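# Topology and contacts: notes
For reference, the chains in residue letters:
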Amino acid sequence: MRYSTFLLGLAVAGSASASEVTIKNDSLTDFGSAAIVWGFVSGEMAGSWLTSPCDGNLVAVQIFWRSPSGTSADVIGSAIHVYRSGTFPNPGIEAQTIGGPVLQDNALNEWRYLDENNTLPLIVPVSLNETMVVALEFADAPQAGSDPSVVRDNDGNTPGRNTIYANLGSSFAWFNSADLGVTGDWVIRAVVNCTSVSTDADVSVSMSASPTAYTAGSALQYTIVVANAGPASSPSTTLVDTFPSALQSPTWTCAPSGGATCPAGSGGNIVGSASLPSGSHITFTVNGTVAAGTTGTLSNSMTAVVGAPATDPNGTNNTASLDLSPAVDDLIFANGFDPSAGMLPVVPSRAMGLARSRR
(Lines give C-alpha, C1' and ligand atoms only; values in the text may rest on other atoms or scores of the structure.)
Protein backbone atom coordinates (compact mmCIF):
# COMPACT_ATOMS: atom_id res chain seq x y z
CA MET A 1 0.00 0.00 0.00
CA ARG A 2 1.16 3.56 -0.77
CA TYR A 3 0.12 6.57 1.28
CA SER A 4 0.73 10.27 1.83
CA THR A 5 0.01 12.33 4.96
CA PHE A 6 -2.10 15.52 4.98
CA LEU A 7 -3.91 17.84 7.36
CA LEU A 8 -7.59 17.10 6.80
CA GLY A 9 -10.71 19.09 7.61
CA LEU A 10 -13.76 17.04 8.56
CA ALA A 11 -16.99 18.17 6.93
CA VAL A 12 -19.92 15.88 7.69
CA ALA A 13 -23.04 15.84 5.57
CA GLY A 14 -26.35 15.74 7.45
CA SER A 15 -27.00 15.93 11.18
CA ALA A 16 -27.53 13.41 13.93
CA SER A 17 -30.38 13.27 16.41
CA ALA A 18 -29.84 13.35 20.16
CA SER A 19 -30.18 9.58 20.41
CA GLU A 20 -27.63 8.86 17.68
CA VAL A 21 -24.07 7.83 18.49
CA THR A 22 -21.18 7.75 16.00
CA ILE A 23 -18.98 4.70 16.49
CA LYS A 24 -15.43 4.63 15.19
CA ASN A 25 -11.92 3.29 15.71
CA ASP A 26 -10.02 6.24 14.27
CA SER A 27 -8.81 9.31 16.16
CA LEU A 28 -9.10 11.84 13.32
CA THR A 29 -10.38 15.25 14.42
CA ASP A 30 -11.06 18.43 12.48
CA PHE A 31 -7.87 19.56 10.73
CA GLY A 32 -6.00 16.58 12.17
CA SER A 33 -3.22 14.69 10.46
CA ALA A 34 -4.06 11.55 8.49
CA ALA A 35 -2.83 9.61 5.46
CA ILE A 36 -4.42 8.82 2.10
CA VAL A 37 -3.94 5.14 1.25
CA TRP A 38 -3.62 3.95 -2.35
CA GLY A 39 -2.92 0.54 -3.83
CA PHE A 40 -6.48 -0.79 -4.16
CA VAL A 41 -7.78 -2.36 -7.37
CA SER A 42 -11.32 -2.94 -8.58
CA GLY A 43 -13.25 -5.25 -6.24
CA GLU A 44 -10.97 -4.76 -3.23
CA MET A 45 -12.33 -3.35 0.04
CA ALA A 46 -11.25 -1.47 3.16
CA GLY A 47 -13.31 -2.34 6.23
CA SER A 48 -13.73 -1.23 9.86
CA TRP A 49 -14.94 -3.45 12.70
CA LEU A 50 -17.22 -1.27 14.85
CA THR A 51 -18.91 -2.05 18.18
CA SER A 52 -22.39 -0.73 19.01
CA PRO A 53 -22.71 1.15 22.33
CA CYS A 54 -26.39 0.25 22.73
CA ASP A 55 -29.44 -1.61 21.48
CA GLY A 56 -30.81 0.17 18.44
CA ASN A 57 -30.42 0.51 14.67
CA LEU A 58 -27.40 1.26 12.53
CA VAL A 59 -28.79 4.11 10.42
CA ALA A 60 -25.78 5.64 8.64
CA VAL A 61 -22.21 4.96 7.56
CA GLN A 62 -19.43 7.52 7.10
CA ILE A 63 -16.23 7.34 5.05
CA PHE A 64 -13.55 10.00 4.71
CA TRP A 65 -12.46 10.35 1.08
CA ARG A 66 -9.56 12.55 0.05
CA SER A 67 -7.12 13.35 -2.76
CA PRO A 68 -3.84 15.27 -2.35
CA SER A 69 -5.43 18.39 -3.82
CA GLY A 70 -8.81 17.95 -2.13
CA THR A 71 -10.51 19.17 -5.29
CA SER A 72 -11.02 16.03 -7.39
CA ALA A 73 -14.33 15.23 -9.02
CA ASP A 74 -16.85 12.96 -7.33
CA VAL A 75 -16.17 9.24 -7.60
CA ILE A 76 -18.74 6.46 -7.73
CA GLY A 77 -17.71 3.45 -5.66
CA SER A 78 -18.85 -0.08 -6.32
CA ALA A 79 -20.68 -0.56 -2.99
CA ILE A 80 -20.62 -0.13 0.76
CA HIS A 81 -21.23 -3.39 2.59
CA VAL A 82 -22.49 -3.78 6.16
CA TYR A 83 -21.69 -7.20 7.61
CA ARG A 84 -22.43 -8.95 10.86
CA SER A 85 -19.38 -9.80 12.91
CA GLY A 86 -17.48 -12.94 11.99
CA THR A 87 -14.04 -14.18 12.96
CA PHE A 88 -11.46 -11.47 12.33
CA PRO A 89 -10.44 -10.68 9.66
CA ASN A 90 -13.40 -12.44 7.98
CA PRO A 91 -16.78 -10.70 8.40
CA GLY A 92 -19.98 -12.66 8.92
CA ILE A 93 -23.14 -12.52 6.82
CA GLU A 94 -23.98 -9.36 4.89
CA ALA A 95 -26.77 -7.32 6.47
CA GLN A 96 -27.17 -4.47 3.95
CA THR A 97 -25.55 -3.05 0.80
CA ILE A 98 -25.44 0.53 -0.47
CA GLY A 99 -24.95 0.32 -4.22
CA GLY A 100 -22.97 2.89 -6.21
CA PRO A 101 -22.14 5.34 -3.40
CA VAL A 102 -21.02 8.77 -4.60
CA LEU A 103 -17.80 9.83 -2.86
CA GLN A 104 -17.08 13.55 -2.53
CA ASP A 105 -13.45 14.62 -2.22
CA ASN A 106 -12.15 16.08 1.07
CA ALA A 107 -15.28 15.20 3.06
CA LEU A 108 -16.52 12.74 5.63
CA ASN A 109 -19.25 11.36 3.35
CA GLU A 110 -22.37 10.01 5.03
CA TRP A 111 -25.01 7.64 3.64
CA ARG A 112 -28.43 7.02 5.22
CA TYR A 113 -30.15 5.36 2.26
CA LEU A 114 -29.58 2.24 0.18
CA ASP A 115 -30.45 3.92 -3.12
CA GLU A 116 -29.50 7.14 -4.87
CA ASN A 117 -33.12 8.40 -4.74
CA ASN A 118 -33.06 8.35 -0.92
CA THR A 119 -36.19 6.23 -0.67
CA LEU A 120 -34.89 3.09 1.10
CA PRO A 121 -33.43 3.96 4.50
CA LEU A 122 -30.41 2.11 5.87
CA ILE A 123 -31.65 0.23 8.94
CA VAL A 124 -29.67 -2.61 10.51
CA PRO A 125 -30.83 -3.72 13.99
CA VAL A 126 -27.92 -4.00 16.43
CA SER A 127 -27.56 -4.93 20.08
CA LEU A 128 -25.36 -3.62 22.87
CA ASN A 129 -21.68 -4.51 22.28
CA GLU A 130 -22.45 -6.17 18.93
CA THR A 131 -19.70 -5.73 16.35
CA MET A 132 -20.57 -4.80 12.76
CA VAL A 133 -18.21 -4.49 9.78
CA VAL A 134 -18.51 -1.55 7.37
CA ALA A 135 -16.49 -1.94 4.16
CA LEU A 136 -16.06 0.22 1.04
CA GLU A 137 -15.68 -1.72 -2.23
CA PHE A 138 -13.65 0.05 -4.94
CA ALA A 139 -15.09 0.24 -8.44
CA ASP A 140 -11.82 1.48 -9.96
CA ALA A 141 -8.19 1.59 -8.86
CA PRO A 142 -7.23 5.06 -7.57
CA GLN A 143 -4.07 6.49 -9.09
CA ALA A 144 -1.41 6.82 -6.39
CA GLY A 145 -0.33 10.39 -5.72
CA SER A 146 -3.26 12.07 -7.47
CA ASP A 147 -6.65 10.36 -7.08
CA PRO A 148 -8.77 10.36 -3.93
CA SER A 149 -8.92 7.25 -1.80
CA VAL A 150 -9.68 6.05 1.72
CA VAL A 151 -7.88 7.59 4.70
CA ARG A 152 -6.30 6.17 7.85
CA ASP A 153 -5.25 7.98 11.04
CA ASN A 154 -1.68 8.35 12.26
CA ASP A 155 -1.66 6.93 15.79
CA GLY A 156 -1.51 3.19 15.23
CA ASN A 157 -3.53 0.28 13.89
CA THR A 158 -5.95 -0.99 16.55
CA PRO A 159 -5.68 -4.80 16.71
CA GLY A 160 -8.69 -6.66 15.31
CA ARG A 161 -10.38 -3.56 13.94
CA ASN A 162 -9.16 -2.97 10.36
CA THR A 163 -9.40 -5.30 7.37
CA ILE A 164 -8.68 -5.39 3.65
CA TYR A 165 -10.37 -7.61 1.08
CA ALA A 166 -7.67 -8.07 -1.53
CA ASN A 167 -6.46 -10.20 -4.39
CA LEU A 168 -2.83 -11.02 -3.64
CA GLY A 169 -2.54 -13.86 -6.09
CA SER A 170 -5.22 -15.95 -7.69
CA SER A 171 -8.26 -15.09 -5.54
CA PHE A 172 -9.75 -12.54 -3.14
CA ALA A 173 -9.49 -12.98 0.63
CA TRP A 174 -9.80 -10.94 3.83
CA PHE A 175 -6.61 -9.79 5.55
CA ASN A 176 -5.65 -7.92 8.71
CA SER A 177 -4.72 -4.51 7.27
CA ALA A 178 -1.73 -4.31 9.62
CA ASP A 179 -0.27 -7.38 7.91
CA LEU A 180 -0.37 -5.46 4.62
CA GLY A 181 1.51 -2.47 5.99
CA VAL A 182 -1.38 -0.17 6.98
CA THR A 183 -0.25 1.60 10.16
CA GLY A 184 -3.46 3.35 11.20
CA ASP A 185 -7.24 2.93 11.61
CA TRP A 186 -9.55 3.47 8.63
CA VAL A 187 -11.69 6.59 8.90
CA ILE A 188 -14.77 4.46 8.26
CA ARG A 189 -17.53 4.92 10.80
CA ALA A 190 -21.16 4.09 11.56
CA VAL A 191 -24.04 5.90 13.25
CA VAL A 192 -26.31 3.98 15.63
CA ASN A 193 -29.70 5.28 16.71
CA CYS A 194 -30.03 4.02 20.27
CA THR A 195 -33.61 3.06 21.04
CA SER A 196 -33.12 3.21 24.79
CA VAL A 197 -29.84 4.90 25.43
CA SER A 198 -28.20 5.00 28.81
CA THR A 199 -25.28 7.38 29.02
CA ASP A 200 -24.07 5.96 32.36
CA ALA A 201 -20.57 4.52 32.09
CA ASP A 202 -19.11 3.56 35.46
CA VAL A 203 -15.39 3.90 34.79
CA SER A 204 -13.01 2.94 37.59
CA VAL A 205 -9.25 2.87 38.17
CA SER A 206 -7.22 0.50 40.36
CA MET A 207 -3.48 0.37 40.96
CA SER A 208 -0.89 -1.94 42.52
CA ALA A 209 2.92 -1.97 42.70
CA SER A 210 5.68 -4.55 42.76
CA PRO A 211 7.45 -4.56 45.10
CA THR A 212 5.02 -3.10 47.60
CA ALA A 213 7.81 -1.11 49.27
CA TYR A 214 10.41 0.61 47.11
CA THR A 215 14.20 0.48 47.28
CA ALA A 216 16.11 3.54 46.11
CA GLY A 217 18.14 2.70 43.02
CA SER A 218 16.06 -0.39 42.21
CA ALA A 219 13.32 -1.27 39.71
CA LEU A 220 9.65 -0.56 40.44
CA GLN A 221 6.59 -1.71 38.47
CA TYR A 222 3.04 -0.35 38.60
CA THR A 223 -0.01 -2.25 37.29
CA ILE A 224 -2.97 0.03 36.54
CA VAL A 225 -6.37 -1.22 35.40
CA VAL A 226 -9.01 1.11 33.93
CA ALA A 227 -12.40 -0.62 33.58
CA ASN A 228 -15.91 0.31 32.47
CA ALA A 229 -18.75 -1.45 34.29
CA GLY A 230 -21.28 0.20 31.96
CA PRO A 231 -24.04 -0.04 31.15
CA ALA A 232 -23.05 2.46 28.42
CA SER A 233 -19.84 2.76 26.45
CA SER A 234 -17.30 5.46 27.25
CA PRO A 235 -15.83 6.21 23.82
CA SER A 236 -13.85 9.25 24.95
CA THR A 237 -12.09 8.56 28.27
CA THR A 238 -9.21 10.87 29.14
CA LEU A 239 -6.45 9.20 31.16
CA VAL A 240 -3.76 11.09 33.08
CA ASP A 241 -0.93 9.69 35.18
CA THR A 242 1.97 12.06 35.89
CA PHE A 243 4.56 9.79 37.46
CA PRO A 244 6.58 10.92 40.48
CA SER A 245 9.87 12.58 39.54
CA ALA A 246 11.75 9.92 41.52
CA LEU A 247 10.58 7.25 39.03
CA GLN A 248 13.30 7.52 36.42
CA SER A 249 12.81 6.76 32.70
CA PRO A 250 9.31 5.25 33.03
CA THR A 251 8.07 3.12 30.12
CA TRP A 252 4.66 1.49 29.79
CA THR A 253 2.61 -0.90 27.75
CA CYS A 254 -1.16 -1.06 27.47
CA ALA A 255 -3.21 -4.23 26.89
CA PRO A 256 -6.89 -3.74 25.86
CA SER A 257 -9.70 -6.22 26.46
CA GLY A 258 -13.37 -6.39 25.47
CA GLY A 259 -13.07 -4.07 22.48
CA ALA A 260 -11.31 -1.27 24.39
CA THR A 261 -8.60 0.87 22.81
CA CYS A 262 -5.43 2.24 24.41
CA PRO A 263 -3.99 5.74 24.31
CA ALA A 264 -0.98 6.31 22.10
CA GLY A 265 2.53 6.18 23.55
CA SER A 266 4.85 3.89 25.46
CA GLY A 267 7.11 6.11 27.54
CA GLY A 268 6.93 9.02 29.93
CA ASN A 269 3.67 10.10 31.55
CA ILE A 270 0.37 8.54 30.50
CA VAL A 271 -1.74 11.30 28.95
CA GLY A 272 -4.26 10.36 26.29
CA SER A 273 -7.70 9.11 25.36
CA ALA A 274 -9.11 5.58 25.42
CA SER A 275 -12.36 4.01 24.24
CA LEU A 276 -14.02 1.69 26.76
CA PRO A 277 -17.09 -0.30 25.69
CA SER A 278 -19.28 -1.59 28.49
CA GLY A 279 -17.60 -4.52 30.25
CA SER A 280 -14.17 -3.74 28.82
CA HIS A 281 -10.89 -2.77 30.48
CA ILE A 282 -7.31 -1.81 29.71
CA THR A 283 -4.25 -2.77 31.74
CA PHE A 284 -1.13 -0.61 31.94
CA THR A 285 2.20 -2.10 32.98
CA VAL A 286 4.62 0.65 34.00
CA ASN A 287 8.32 0.04 34.58
CA GLY A 288 10.93 2.43 35.95
CA THR A 289 13.78 2.80 38.41
CA VAL A 290 13.51 4.66 41.70
CA ALA A 291 16.22 7.33 41.85
CA ALA A 292 19.15 6.71 44.16
CA GLY A 293 18.82 8.62 47.41
CA THR A 294 15.01 8.67 47.36
CA THR A 295 13.46 8.79 50.83
CA GLY A 296 10.00 9.18 52.29
CA THR A 297 6.68 8.34 50.65
CA LEU A 298 6.57 7.72 46.89
CA SER A 299 3.11 8.71 45.59
CA ASN A 300 1.46 8.02 42.24
CA SER A 301 -2.09 8.42 40.94
CA MET A 302 -4.08 7.78 37.74
CA THR A 303 -7.30 9.65 36.91
CA ALA A 304 -9.89 8.73 34.27
CA VAL A 305 -12.31 11.41 33.04
CA VAL A 306 -15.39 10.25 31.15
CA GLY A 307 -16.21 12.49 28.17
CA ALA A 308 -19.42 13.10 26.23
CA PRO A 309 -21.72 11.52 25.24
CA ALA A 310 -21.15 9.28 28.27
CA THR A 311 -21.57 10.33 31.90
CA ASP A 312 -20.13 8.64 34.97
CA PRO A 313 -22.67 7.85 37.72
CA ASN A 314 -19.92 7.24 40.30
CA GLY A 315 -17.11 9.77 40.47
CA THR A 316 -15.55 8.30 43.60
CA ASN A 317 -13.68 5.52 41.80
CA ASN A 318 -12.22 7.49 38.90
CA THR A 319 -8.87 8.09 40.60
CA ALA A 320 -6.54 5.50 42.10
CA SER A 321 -3.63 6.62 44.29
CA LEU A 322 -0.84 4.55 45.77
CA ASP A 323 1.65 5.63 48.46
CA LEU A 324 4.75 3.47 48.79
CA SER A 325 7.11 3.51 51.74
CA PRO A 326 10.81 2.67 51.53
CA ALA A 327 11.75 -0.92 52.21
CA VAL A 328 13.25 -1.54 55.68
CA ASP A 329 16.15 -3.96 55.91
CA ASP A 330 15.75 -4.82 59.62
CA LEU A 331 12.12 -5.82 60.09
CA ILE A 332 12.52 -5.75 63.92
CA PHE A 333 12.64 -1.96 63.75
CA ALA A 334 10.12 -1.54 60.92
CA ASN A 335 7.20 -0.74 63.23
CA GLY A 336 9.07 1.50 65.65
CA PHE A 337 10.12 -1.28 68.02
CA ASP A 338 12.25 0.17 70.87
CA PRO A 339 14.73 -2.45 72.10
CA SER A 340 15.37 -0.56 75.34
CA ALA A 341 11.67 -0.61 76.17
CA GLY A 342 10.71 -3.97 74.75
CA MET A 343 13.33 -6.35 76.19
CA LEU A 344 12.78 -8.33 79.37
CA PRO A 345 14.60 -7.04 82.49
CA VAL A 346 17.99 -8.57 83.17
CA VAL A 347 18.05 -10.84 86.23
CA PRO A 348 21.41 -11.49 88.01
CA SER A 349 22.62 -15.01 87.46
CA ARG A 350 22.48 -17.39 90.43
CA ALA A 351 22.78 -21.08 91.05
CA MET A 352 19.47 -22.76 90.89
CA GLY A 353 18.63 -26.17 92.31
CA LEU A 354 15.67 -28.40 92.90
CA ALA A 355 14.06 -28.02 96.32
CA ARG A 356 14.30 -31.22 98.31
CA SER A 357 11.72 -32.30 100.79
CA ARG A 358 12.95 -32.99 104.27
CA ARG A 359 12.14 -36.10 106.10
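A brief report on the enclosed structure follows. Computed from a predicted model, the values in this text were never measured in an experiment.

### Remarks on the environment of Ser-198
With respect to the helices and strands, Ser-198 occurs in the loop between β16 (188-194) and β17 (201-210). Remark: the alpha-carbon pair of Ser-198 and Pro-309, spanning 111 residues in sequence, is separated by 9.9 Å.

### Details of the state of the cysteines
Counting across every chain of the model gives two disulfides. A disulfide bridge connects Cys-54 with Cys-194, and the sulfur atoms are separated by 1.9 Å. Its S-S torsion of approximately -80 degrees makes the covalent link between Cys-54 and Cys-194 left-handed. You can see Cys-54 sitting in the loop between β4 (45-51) and β5 (56-66) and its partner Cys-194 sitting in strand β16, a full 140 residues away along the chain. Sequence-ordered numbering of the bonded cysteines in the protein chain gives a disulfide pattern of 1-2, 3-4.

### A short note on the sheet that holds β17
Strand order across the open sheet formed by four strands is β17-β18-β22-β20, with antiparallel pairing between neighbours. Where the open sheet ends on each side, the last strands, each with one partner, are β17 and β20 (247-257). Mean inter-strand twist for the sheet, computed between neighbouring axes without regard to direction, equals 15 degrees. Sheet topology note: the β20/strand β22 (residues 281-290) ladder contains nine bridges and is antiparallel. What sits directly across from Leu-247, in β22, is Val-290.

### Structural notes on the pattern of salt bridges
Counted according to the given criterion, the structure contains four salt bridges. In this structure, Arg-84 engages Glu-130 in a salt bridge whose closest nitrogen and oxygen atoms are separated by 2.7 Å. Of the two residues, Arg-84 is situated in strand β7 (residues 79-84) and Glu-130 in the loop between β11 (124-126) and β12 (131-137); the sequence distance between them amounts to 46 residues. Accessibility expressed as a relative area gives 22% for Arg-84, which makes it partly exposed.

### So, unusual backbone geometry
With an omega dihedral of 0 degrees, the bond running from Ser-210 to Pro-211 counts as a cis peptide bond. Locating Pro-211 in the fold gives a position in the loop between β17 and β18 (219-231). In this structure, the amide linkage connecting Gly-230 to the following residue, Pro-231, adopts the cis form with an omega of 10 degrees. In this fold, Pro-231 is placed in strand β18. Even without being glycine, Ser-249 reaches a positive phi, approximately 50 degrees. Looking at the secondary structure, you find Ser-249 in strand β20. According to the relative accessible area criterion, Ser-249 is exposed, its value standing at 65%.

The rules we used
Residues numbered from 1 in each chain as written. Predicted model: local features only at pLDDT ≥ 70, side-chain atom pairs only at ≥ 80, totals over all residues. Heavy atoms only, no water. Helix = DSSP H or I, 4+ residues; strand = E, 2+ residues; numbered from the N terminus. Disulfide = S-S within 2.5 Å. Pairing = 2+ DSSP bridges. Axes fitted to C-alpha atoms, helices over the stretch in contact; angles between N-to-C directions. Salt bridge = Lys/Arg side-chain N within 4 Å of Asp/Glu carboxyl O. Buried < 20%, exposed > 50% of the residue type's maximum accessible area, 1.4 Å probe, protein only.

Functional significance is not addressed by these values, which are geometric in nature.
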